[in-house]
Amino acid sequence: MKKEDLLNDILDESISKSGMSRREALKMMAISPVAASVLAGSTVASTKANASDAVGHIVIVGGGAGAIMVLSRLKNALNNPNITIIAPNEVHLYQPGQVFMAAGEYTFEDIVMDNNDWIDDSVKWVKDEVATFDAPNNKVITRAGDEISYDYLVVATGIEYNYEAIEGLTKEDIGTNGISSVYLNDLEKGTANGGIITHKWFESVQEASTKGKPTVVFTQPSTPIKCGGAPQKMLYLCDDNLKRNELSANMIFATASKKLFSLPTIDEALHKVQKRYNNITNHFGHDLKKIDIKAKKATFRHIYEIQGEVDEDFGGYEMITKVDTVEIDYDFIHVVPPMRAPHALRKSDLGWQKGSAKGWLEVDKESLQHRRYKNVFGIGDVCGIPMGKTGGSARHHGPVLVENLIAQMESKELKAKFDGYTVCPLKVQYGEIIMAEFNYNGLAPSFSFLDPAQPRWIWWAFDLYMLKPMYKYLMMKGRM
Ligand SMILES: Cc1cc2nc3c(=O)[nH]c(=O)nc-3n(C[C@H](O)[C@H](O)[C@H](O)COP(=O)(O)OP(=O)(O)OC[C@H]3O[C@@H](n4cnc5c(N)ncnc54)[C@H](O)[C@@H]3O)c2cc1C
């Protein structure tokens with residue numbers, strides 16, 4: 001399909017949903033970073049004209065954002081691709097849309113895509129999961145027991161939720177007794193109940209606020225999580241619902257983190273946002289450990305520092321770390337599960353063997369090549385690197401991975417480097433987003449003339465109407 005036709009498709013789908021005029025949509029496309037790169041013609045990473053003759057059997061494990069992006073890019077970049085993809089799911093969920101489902105802006109149908117649109121007959125598709133990664137012998141074993149050998153392996157298995165690490169809670173409790181979790185989905189089965197449940201939960205919070213002032217708790221765990229901004233997105237959207245109806249509640253943000261955001265500029269902006277609502281209390285250093293569902297009581301491990309003796313060698317005071325337990329009574333609780341690498345990877349030799357990234361794929365943070373197995377590469381959430389468990393990061397991993405994998409196949413030096421890019425579209429109220437883009441060096445806004453700390457409608461419209469078709473027609477086709 002020609003680039004112009006592709007843009008027309010995207011515009012038409014966006015316009016039909018947004019109620020915007022074609023002119024307004026074009027105006028917005030012109031200032032959006034991804035659209036700008038499309039318009040500038042920089043999206044097609046490789047064409048058959050400059051494709052590589054490198055050969056080898058490449059196995060891609062996973063059927064989500066990262067896996068499909070790599071697959072499409074490799075098909076564009078190799079003259080004789082010999083690719084097997086091992087992915088159990090035909091249904092492909094556009095997971096960022098789960099937040100818009102909670103907001104009542106998307107239905108489930110809006111986030112459902114089809115892997116058959118991108119995995120064609122030129123590729124061998126094994127519809128199963130990898131049960132065992134046997135890296136020393138260059139093979140994987142599926143749940144059905146099939147052994148599949150590879151010359152090169154791309155691991156794109158994403159993240160595993162671990163709701164059960166919270167004592168007293170199971171996945172089945174979500175949607176009952178005032179408990180919600182926007183994250184809830186099953187990628188293998190193609191279900192995403194979290195969005196629907198959280199939308200109903202917003203309505204229940206609102207209903208309860210007409211009768212009194214309920215306590216509503218939003219948690220964030222100490223593990224790495226995908227889309228680190230989602231816990232706060234839920235807090236602000238839920239509170240905005242109340243504010244618009246002249247209602248209020250005791251909103252508590254209980255996070256294992258010490259700050260609202262790692263970057264000071266965005267942290268400050270979020271504190272400013274919280275002042276708009278005037279009903280939010282932050283509990284920093286609080287990691288949810290237990291829920292008593294019947295008593296509606298949440299128990300947190302609270303880690304904090306107190307000032308100790310004067311440190312005469314260094315000046316100032318010694319800081320002493322304290323740990324205690326805090327119980328909070330709630331009426332409603334939005335739980336973000338602890339997350340970890342998928343089981344098959346954790347029990348393999350491919351994960352980091354120790355340290356804070358233990359179990360996550362041991363790849364170099366710039367080349368995305370495995371540090372011990374040079375024919376193995378990683379993309380997306382599964383990577384044990386300091387930044388970026390977002391689709392936005394995976395989009396930036398894609399071209400780096402493909403360039404370096406082909407260099408490895410051609411026995412050349414690996415030159416492409418991932419700069420740590422990630423993006424967090426923080427929905428601070430209905431119709432307003434702070435677009436936090438950053439990399440290993442700090443803030444990295446696509447448009448330096450737009451203050452990144454400023455909440456903007458344009459980012460909301462871009463996220464709601466443009467990003468999904470771009471994901472479907474450009475990113476998943478390896479064109480962006
Ligand atoms: C509520 C929510 C909001 C989000 N918001 C945003 C946002 O605003 N912006 C953003 O950029 N990102 C956002 N994300 C994150 C984004 O969806 C992920 O970062 C992205 O999907 C990561 O891609 P991935 O390929 O690494 O993993 P996934 O897309 O999760 O795919 C993993 C795939 O691996 C498969 N798999 C797992 N184990 C195995 C195995 N053993 N064998 C074979 N296959 C296996 C799964 O079935 C799945 O197909 C959000 C996510 C959620 C849940």
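Reference entry: report on the structure contained in this document. Fair warning: this is a prediction, and the values are worked out from it, not measured in the lab. (Residues numbered from 1 in each chain as written. Predicted model: local features only at pLDDT ≥ 70, side-chain atom pairs only at ≥ 80, totals over all residues. Heavy atoms only, no water.)

1. Structural notes on helix α12 (residues 457-475)
Between its first and last C-alpha, α12 extends only 24 Å over 19 residues, short of the 27 Å set by a 1.5 Å rise per residue. Its axis deflected by about 45° at Met-466, α12 carries its strongest bend there, up to four residues before the proline Pro-469. Taken across its 19 residues, α12 has 16 buried, putting it largely inside the fold. (Helix = DSSP H or I, 4+ residues; strand = E, 2+ residues; numbered from the N terminus. Expected span 1.5 Å × (residues − 1). Bend = angle between axes of the 7 residues up to and from the residue. Buried < 20%, exposed > 50% of the residue type's maximum accessible area, 1.4 Å probe, protein only.)

2. Quick look at the site of the ligand
In the region of the ligand, 31 residues are neighbours, and Gly-66, Val-130, Asp-381, Gly-391 and Gly-392 sit closest. In the model, an oxygen atom of the ligand is placed 3.1 Å from a nitrogen or oxygen of the Gly-63 main chain. For the ligand, whose free accessible area comes to 1,000 Å², the fraction covered by protein is 95%. Those elements that place two or more of their residues in the shell around the ligand are α4 (65-77), α5 (97-102) and α11 (391-409). Counted by class, the shell around the ligand contains 13 nonpolar, 13 polar and 5 charged residues. Each of two domains, domain 1 (3-88 + 127-159 + 341-424 + 436-475) and domain 2 (163-337), supplies a minimum of three residues to the shell around the ligand. (Near = heavy atom within 4 Å. Polar contact = N/O pair within 3.5 Å; in protein donor to acceptor, adjacent residues only side chain to side chain. Areas by Shrake-Rupley, 256 points an atom, 1.4 Å probe, with all protein chains shown as cover. Nonpolar A, V, L, I, M, F, W, Y, C, P; charged D, E, K, R; others polar. Domains from an automatic or database assignment.)

3. Considering the pairing of strand β2 (residues 82-86)
In terms of residue burial, β2 counts as a mostly covered element, since 4 of its 5 residues are buried. Sheet topology note: the strand β1 (residues 57-61)/β2 ladder contains 5 bridges and is parallel. Within the sheet, the bridge partner assigned to Val-61 lies in β2 and is Ile-86. At this point the chain moves from β1, through α4, to the parallel β2, and the crossover so formed is right-handed. Pairing between β2 and strand β5 (residues 124-126): 3 bridges, direction parallel. (Pairing = 2+ DSSP bridges. Right-handed = clockwise from strand over helix to strand, strands pointing away.)

4. Side note on the layout of surface pockets
Summary: where empty space remains is shown by rolling a probe the size of a single water molecule over the atoms. Of the volumes computed, that of the second largest pocket is approximately 880 Å³. Lining of the second largest pocket is provided by 33 residues; of these, Gln-220, Pro-224, Ile-225, Gly-228 and Pro-386 occupy positions nearest its centre. Among the elements that make up the lining of the second largest pocket, the one with the highest residue count is strand β21 (residues 422-429) (3 residues). Split into classes, the residues belonging to the lining of the second largest pocket amount to 16 nonpolar, 14 polar and 3 charged. Shared between two domains, the lining of the second largest pocket holds at least three residues of each, these being domain 1 (3-88 + 127-159 + 341-424 + 436-475) and domain 2 (163-337). (1 Å grid on protein atoms, 1.4 Å probe; cavity = no way out; pocket = protein on both sides within 12 Å on 5 of 7 lines; lining within 4 Å. Points joined across faces, edges and corners; volume = space filled by probe spheres on them.)

5. Overview of empty space enclosed by the protein
Scanning the model with the defined rule gives 1 cavity of 30 Å³ or more in all. What the largest cavity holds in volume is close to 80 Å³. Met-435, Glu-437, Pro-445, Ser-446, Phe-447, Leu-450, Asp-451, Pro-452, Gln-454, Arg-456 and Trp-459 are the residues that line the largest cavity. For the lining of the largest cavity, the class distribution of residues is 6 nonpolar, 2 polar and 3 charged.

6. Focus: the pattern of salt bridges
If you walk through the whole model with that rule in mind, you get 20 salt bridges. Linking Lys-412 and Glu-410 is a salt bridge whose minimum nitrogen-to-oxygen distance equals 3.1 Å. For Glu-410, a relative accessible area of 29% gives the class partly exposed. With a closest N to O distance of 2.8 Å, Lys-427 and Asp-463 form a salt bridge. Remark: Asp-463 occurs in helix α12 and Lys-427 occurs in strand β21; sequence separation between them is 36 residues. Connected through shared salt-bridge partners, Asp-128, Glu-129, Arg-143 and Glu-188 make up one network. (Salt bridge = Lys/Arg side-chain N within 4 Å of Asp/Glu carboxyl O.)

7. Quick look at the environment of Lys-258
Mapped onto the secondary structure, Lys-258 falls in the loop between β13 (250-255) and α9 (264-277). Classification of Lys-258 as exposed rests on a relative accessible area of 68%. C-alpha separation for the pair Lys-258 and Gly-285, spaced 27 residues apart in sequence, amounts to 5.5 Å.

8. A short note on the side chain of Glu-432
Inspection of the secondary structure puts Glu-432 in strand β22 (residues 432-439). Of the polar contacts made by the side chain of Glu-432, one reaches the side chain of Arg-276; its length is 2.9 Å. Residues in contact with Glu-432, not counting those within four places in the same chain, are Arg-276, Leu-426, Lys-427, Pro-455, Arg-456 and Trp-460. (Contact = heavy atoms within 4.5 Å.)

9. Focus: the nonpolar core
In terms of nonpolar packing, the biggest core is built from 151 residues, with Ile-58, Ile-60, Ile-85, Phe-133, Leu-153 and Leu-350 touching the most fellow members. If one sorts the elements of this core by residue count, α12 sits on top with 12 residues. Here this core gathers at least three residues from each of two domains, domain 1 (3-88 + 127-159 + 341-424 + 436-475) and domain 2 (163-337). Apart from the residues within four sequence positions on either side, Leu-153 is in contact with Val-59, Val-61, Phe-133, Val-140, Leu-350, Asn-375, Val-376 and Phe-377. (Core = buried A, V, L, I, M, F, W, Y, C linked by side-chain atoms within 4.5 Å.)

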